[in-house]
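Residue-level structural notes
Spelled out, the chains give:
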Amino acid sequence: MPNVFEILRSGLSPDLRQKFEDRVGAMGRELRYMDETDNAQLKAAIDLGWSFERLGILCALNSFFQLVIAPLASSAGTQGRTLGDTVPIIHGEKLRFDRARATSVRAMVAYFMLSINAAGIGERLLTASHAGDLVFYLVLRDEGLLG
Amino acid sequence: MTEAWVAAVEDRIQDFAARFSAVYSVSEREVAASFEIGCFHALLDSYEDSCDLAPQNLNKTGEYRYLTTPSGNPANFSFVALRRKVATTAEYELRQQVRIRSHIHDDIMVTPDLVVLRTNSAFGGSRDADYAGGKRGLFVVNSAQVIAAHECKSLPPFPELLVSFLGILEVVHPWFDHLHADLVSNASDGIHLAPSLFVGGASRALQSRMADALRERFPVNMILGLHSVGWDIMGRPLRRLPSALN
């Protein structure tokens, strides 16, 4: 089976795929730098069972959430609005933000978060800005120090 | 051999992709548009208590035509009229991607993502030899008509992004006096949000402190972490412009 990075990457449009690859790549380089400099947080994460393979999966999920899921969810947040619901928004020649679109985006977001929660990952890890922040939150969480 | 946790996550993500790749296989432009529309909704939410919100200039089938570029004539696109609920003639327009000409110099023009204008603003449209070879009209609103301009950035915040927003504050808001910035920023009796930077990405602790400091010293809002904190911005401490500016 393809890994998480490849599964998510393959479904993206070319322009978003490039951004996704760049962000995951940057997070991977940050992890390698942390490893080379004997970063204490990274050591603690590894001691807690977070292998580089696992951390790579978190970086892929984090990047996918920030580049794709969260921005798409932005316009589909609340049911019952006038604009984007009963009054569709036509954005340029091709884009249409309406009730049907909002419904399918909300279903996607809900399913993604269900999958994430089932894996015990948690939203905080998805919203970390950098690999260092992600590792920091991961260690705090697993040591029971994250409120 | 793949460990159980990794295999389980791969299974779940494979299942997710099979169900929803048609929904998320969209262009970068659509993702950016979606975020901007989220900001547009959040800004409208801030007017719900004080104004009746009325979409105007819809197309023939009742759809809202969202202006996506300053090259379009705003008069041909939709906007939201903001009409005070209290007895007053005050009325404003929330528009998108309208080019603003600065009061500082005629050649300083910028296009904020969202802008609240006084109603019935003129959009210009004269030709300029340095724009599109003089073949198309240059649509622009004088900054005297601007109540507040807002920017939307889906990316994580960084110090230079926060500070650069002060440039928008300076060049498109004639009411802004940088020598007395703190006086304006301490007011909170108006209906309009102060010029706001909407940011999707989460901030680090130092950036959050910087955003708070900028909001304290300038009449702006730095609304960070929308992807993580959420879109109900009204629960946050927000600057509003004093009613005297309306």
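What you see is a predicted model, and the numbers here were worked out from it, not measured in a lab.

Rules behind the numbers
- Residues numbered from 1 in each chain as written.
- Chains lettered and ligands numbered in written order.
- Predicted model: local features only at pLDDT ≥ 70, side-chain atom pairs only at ≥ 80, totals over all residues.
- Helix = DSSP H or I, 4+ residues; strand = E, 2+ residues; numbered from the N terminus.
- Buried ≥ 20, exposed ≤ 12 C-beta atoms within 10 Å, placed from the backbone.
- Contact = placed C-beta atoms within 7 Å.
- pLDDT = per-residue confidence, 0-100.
- Expected span 1.5 Å × (residues − 1).
- Arc of directions from axis to C-beta.
- Pairing = 2+ DSSP bridges.
- Right-handed = clockwise from strand over helix to strand, strands pointing away.
- Axes fitted to C-alpha atoms, helices over the stretch in contact; angles between N-to-C directions.
- Nonpolar A, V, L, I, M, F, W, Y, C, P; charged D, E, K, R; others polar.
- Parallel < 35°, antiparallel > 145°, perpendicular 65-115°, else oblique.
- Left-handed = near helix turned anticlockwise from the far one by under 90°.

Regarding the overall build of chain A
Secondary structure assignment for chain A yields 7 helices and 2 strands. Counting from the amino terminus, helix and strand elements in chain A follow one another as α-α-α-α-β-β-α-α-α. A buried classification covers 43% of the 147 residues belonging to chain A. Considering only contacts in chain A between residues 6 or more positions apart, those separated by 24 or more positions represent 65%.

With respect to the overall build of chain B
In terms of helices and strands, chain B carries 6 helices and 13 strands. With respect to the principal axes defined by its C-alpha atoms, chain B has extents near 70 × 45 × 40 Å. Within chain B, buried positions represent 41% of all 246 residues.

Considering the confidence of the model for chain B
Of the residues in chain B, 93% reach a pLDDT of 70 or more, and the chain-wide mean stands at 90. For this predicted complex, the interface confidence reaches an ipTM of 0.94, while the overall pTM sits at 0.92.

Considerations on unusual backbone geometry
Backbone geometry at Asp38(A) places phi at a positive 50°, although glycine is not the residue there. Its location among the elements puts Asp38(A) in the loop between α2 (14-36) and α3 (40-47). With 8 C-beta atoms packed within 10 Å, Asp38(A) lands in the exposed category. The backbone of Ala132(B) shows a phi angle near 50°, a positive value even though the residue is not glycine.

Overview of helix α5 (residues 99-118) of chain A
All names here are of chain A. With 20 residues, α5 should cover 28 Å at 1.5 Å per step; its first-to-last C-alpha distance of 28 Å lies within 8% of that length. Those residues of α5 not exposed but buried are Arg101, Ala102, Val105, Met108, Val109, Phe112, Ser115 and Ile116. Each buried residue of α5 sits inside an arc of 155° when the element is viewed along its axis, so together they form one side. For α5, the exposed residues lying more than 90 degrees away from the buried face are Ala100, Ala110, Leu114, Asn117 and Ala118.

Digging into the pairing of strand β12 (residues 196-199) of chain B
Residue and element names in this part refer to chain B. Burial along β12 is two-sided: Ser196 and Phe198 facing one way and Leu197 and Val199 facing the other are all buried. Pairing of strand β11 (residues 146-153) with β12, which is carried by 3 bridges, proceeds in the parallel orientation. In the strand pairing of β12, Cys152 is matched with Phe198. Looking at chain direction, β12 and strand β13 (residues 221-223) are connected through 3 bridges and run parallel. If you follow Leu197 over to β13, its bridge partner there is Met222. Following the chain from β12 across helix α5 (residues 205-217) to the adjacent parallel β13, one finds a crossover that is right-handed.

A few points about the sheet that holds β11(B)
Residues and elements named next belong to chain B. Spatially, 7 strands are ordered β1-β3-β4-β7-β11-β12-β13 in an open sheet, and the strand pairing comes out mixed. Both outer strands of the open sheet, β1 (51-56) and β13, are each paired with one neighbouring strand and no more. Averaged over all pairs of adjacent strands, the angle between strand axes in this sheet comes to 20°, irrespective of strand direction. Against the sheet, helix α2 (residues 28-45) touches β1, β3 (79-84), β4 (91-96), β7 (114-118), β11 and β12, its axis set at about 140° to β11.

Details of the interface of chain B and chain A
Frequently, the measure chosen for interface size is the accessible area that the parts lose on association. Taken together, the contacts link 44 residues of chain B with 46 residues of chain A. A total of 15 residues in the side of chain B that touches chain A trace back to one element, the largest contributor, which is helix α1 (residues 4-24) of chain B. For the side of chain B that touches chain A, the class distribution of residues is 22 nonpolar, 14 polar and 8 charged. The pairing of strand β1 (residues 89-91) of chain A with strand β2 (residues 64-66) of chain B spans 3 bridges and is classified as parallel. When the bridges of β2(B) are listed, Ile90(A) appears paired with Arg65(B).

A few points about the sheet that holds strand β6 (residues 109-110) of chain B
All names here are of chain B. On the basis of which strands lie adjacent, the open sheet formed by 3 strands has the order β6-β5-β10 and mixed pairing. Every interior strand has two partners, whereas the edge strands, β6 and β10 (141-142), have only one. As paired strands, strand β5 (residues 100-101) and β6 are joined by 2 bridges and run antiparallel to one another. Following the sheet pairing, Arg101 is matched in β6 by Met109.

Looking at the packing of α2(A) against helix α4 (residues 52-74) of chain A
All names here are of chain A. Packing of α2 against α4 leaves a shortest axis separation of 9 Å and a crossing angle of 140°. With respect to α4, the element α2 is oriented oblique. Viewed along their axes, α2 and α4 form a crossing whose handedness is right-handed. For the pair α2 and α4, contact is made by Leu16, Lys19, Phe20, Arg23, Val24, Met27, Gly28 and Leu31 and by Phe52, Leu55, Gly56, Cys59, Ala60, Ser63, Phe64, Leu67 and Val68, respectively.

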